[in-house]
Every structure is written in C-alpha cells, then in structure tokens.
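Structural description and commentary
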Amino acid sequence: MSAYPNDPKKQLMRQVQQEAGMQNARLLVEKLNEHCFERCVPKPGTSLSKGEEGCYTACMEKYMAAWNTVSKTYVARIQQETQQAQQGGLRNSF
Amino acid sequence: MDFSGDAGSSLGNADLSKLSDRDKQELQQFVINESQRARIQSSIHSLTDMCFRKCISAGTVKTGKLDARYEEPCLRQCVDRFLDANMVVVKELERLRQ
C-alpha cells in the first residue's frame, strides 16, 4: 500500500464510498419525506404549522428507529443464511 | 456503478493505468464488496418502507420512539416473513423449472 496522498487507488475507493453514502442519504431523505408528509401533513395549509413540524421530528426519529430495527434483522438473517449455505446446499437469494 | 455527475470529473485526473496488478486486484475486490453493500442497503430501504407502512399505524408517528410491545416485534416479523415468502417464490420457481 502506498503512502502517497493522491494515490489513485485510494482516491477511487474514497470516491466510490462517498457516492454510496450520498445515494444512501438521498434514499433515506426521500423515504422519510414520503412517509412523514403523508402522516403529518394530511391537509397542506399555507405554511407548515408548529404542530406539523413537531410531528415531522417525531416521525423522522421513528422512521430511523424502524430503519435500524429492519437493518439489524435483515443483516442477522443474511448471516444466518450464509452460514447455512456454507454448510449445506446453495440457496441464496434477494 | 455510476460515475456520472460531479464526482466523475475528478476521477479523470487519476491515472489508473499505472496501478500495479495487485492494486487492480484489490480495487476489483473493493468494488465487489461495495456493490454488495449497496445492494443490501437498498434492500433495507425498501423493506423499511414496506414494513413501516404495515407496522406503524397512522396516529402513532407523533411518538418518536418505537413501541417495544407491538411495533418493534412487528417490524422484525415483517422482515423475516418477507424473506420466508421470498424463499417460497424461489423454491416454487425452482420446482417449476424441473
């Protein structure tokens, strides 16, 4: 591994990771707004009310908690299935 | 992988042809790992989307915390049953193919 700061390999890796991080953030924002808008702003008024904003904050917190729960469950399941696949027949999907 | 947009332009400066074989191999493995991670992450997004709809009822988003008695187990079961169901589809298609 080279120590040059502008090592093209490192540069490429960093860029790929940044892109992936951006894509992840973009998706999260999109989903958050989709769900929370539906639930917190059923009838859009002339501006966002204090109540709607408060609802958004809580809704975001809840959505991210749900994301974490889903993530943990999904990753645990993948690990479990990978182990099984290594032991027995190959049946991997999704 | 998509290198379009702003990020792509600075990549043009990097001379990848000078990389050693070992570096190229390392990069290849890195890209494989990153794409797998991206795939898993995007599955998590769509699962959260679907299970949030099923498990979090309309009036309850105002409480920021997940309800440990109903909502959290519901989310976990939602993921597990979705994957079970996915397996049913795969097995059935496998059976039909034979």
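Attention here is on the structure that accompanies the text. Being a predicted model, the structure only gives us computed values, none of them experimental.

1. Observations regarding the overall build of chain B
What chain B contains, in helices and strands, is three helices and zero strands. Of the regular secondary structure in chain B, the N- to C-terminal order runs α-α-α. The buried share of chain B, taken over its 98 residues, is 30%. Summing over all exposed atoms, chain B offers an accessible surface of approximately 6700 Å²; the carbon and sulfur share of this is 53%.

2. Some words on the nonpolar core
By size, the foremost hydrophobic cluster in this structure holds 25 residues, and its most contacted members are C40(A), V61(B), L75(B) and V79(B). Those elements that place two or more of their residues in this core are helix 1 (8–40) and helix 2 (50–87) of chain A together with helix 2 (21–55) and helix 3 (71–97) of chain B. Of the residues forming this core, the biggest block, eight residues, is contributed by helix 2 of chain A. If we ignore the near neighbours within four places in the chain, the residues touching L75(B) are A66(A), T69(A), V70(A), C51(B), F52(B), C55(B) and L66(B).

3. Overview of the packing of helix 2 of chain A against helix 3 of chain B
At a minimum axis separation of 9 Å, helix 2 of chain A and helix 3 of chain B run at an interaxial angle of 40 degrees. Judged on the interaxial angle alone, helix 3 of chain B and helix 2 of chain A are oblique. In this structure, the crossing between helix 2 of chain A and helix 3 of chain B has a hand that is right-handed. Across the interface between the two elements, K62(A), A66(A), T69(A), V70(A), T73(A), Y74(A), R77(A) and E81(A) from helix 2 of chain A touch E71(B), E72(B), L75(B), R76(B), V79(B), D80(B), L83(B), D84(B) and M87(B) from helix 3 of chain B. Class assignment of the residues belonging to the contact of helix 2 of chain A with helix 3 of chain B gives a composition of seven nonpolar, two polar and eight charged.

4. As for the pattern of salt bridges
Pairs can form between side chains of opposite charge once their charged atoms are near each other. Residue and element names in this part refer to chain B. Throughout the structure, instances matching the rule amount to 14 salt bridges over all chains. Here R37 ties to E34 by a salt bridge, and the two come within 3.4 Å at their closest N and O atoms. Of the two residues, R37 and E34 both sit in helix 2, three residues apart, roughly one turn of that helix. For R37, a relative accessible area of 46% corresponds to the partly exposed category.

5. With respect to the state of the cysteines
Under the counting rule described, the total for this entry stands at four disulfides over all chains. With a sulfur-sulfur separation of 2.1 Å, C36(A) is cross-linked through a disulfide to C59(A). Because the torsion about its S-S bond is -90 degrees, the bridge between C36(A) and C59(A) counts as left-handed. Residue C36(A) is located in helix 1, and its partner C59(A) is located in helix 2; the two are separated by 23 residues in the primary sequence. Note on accessibility: C36(A) and C59(A) belong to one class, buried. Shown here is the disulfide that connects C51(B) with C78(B), its sulfur atoms set 1.9 Å apart. An S-S torsion of about -80 degrees defines the bridge between C51(B) and C78(B) as left-handed. A residue pair is termed long-range when its members are at least 10 positions apart, and C51(B) in helix 2 and C78(B) in helix 3 qualify at 27 residues. A relative accessible area of 0% places C51(B) in the buried class. Its relative accessible area of 12% is what places C78(B) among the buried residues. When the bonded cysteines of chain B are numbered from the N-terminus onward, they pair as 1-4, 2-3. Numbered by order of appearance in the sequence, the disulfide-linked cysteines of chain A pair as 1-4, 2-3.

Cut-offs applied
Residues numbered from 1 in each chain as written. Chains lettered and ligands numbered in written order. Predicted model: local features only at pLDDT ≥ 70, side-chain atom pairs only at ≥ 80, totals over all residues. Heavy atoms only, no water. Helix = DSSP H or I, 4+ residues; strand = E, 2+ residues; numbered from the N terminus. Buried < 20%, exposed > 50% of the residue type's maximum accessible area, 1.4 Å probe, protein only. Areas by Shrake-Rupley, 256 points an atom, 1.4 Å probe, with all protein chains shown as cover. Core = buried A, V, L, I, M, F, W, Y, C linked by side-chain atoms within 4.5 Å. Contact = heavy atoms within 4.5 Å. Axes fitted to C-alpha atoms, helices over the stretch in contact; angles between N-to-C directions. Parallel < 35°, antiparallel > 145°, perpendicular 65-115°, else oblique. Left-handed = near helix turned anticlockwise from the far one by under 90°. Nonpolar A, V, L, I, M, F, W, Y, C, P; charged D, E, K, R; others polar. Salt bridge = Lys/Arg side-chain N within 4 Å of Asp/Glu carboxyl O. Disulfide = S-S within 2.5 Å.

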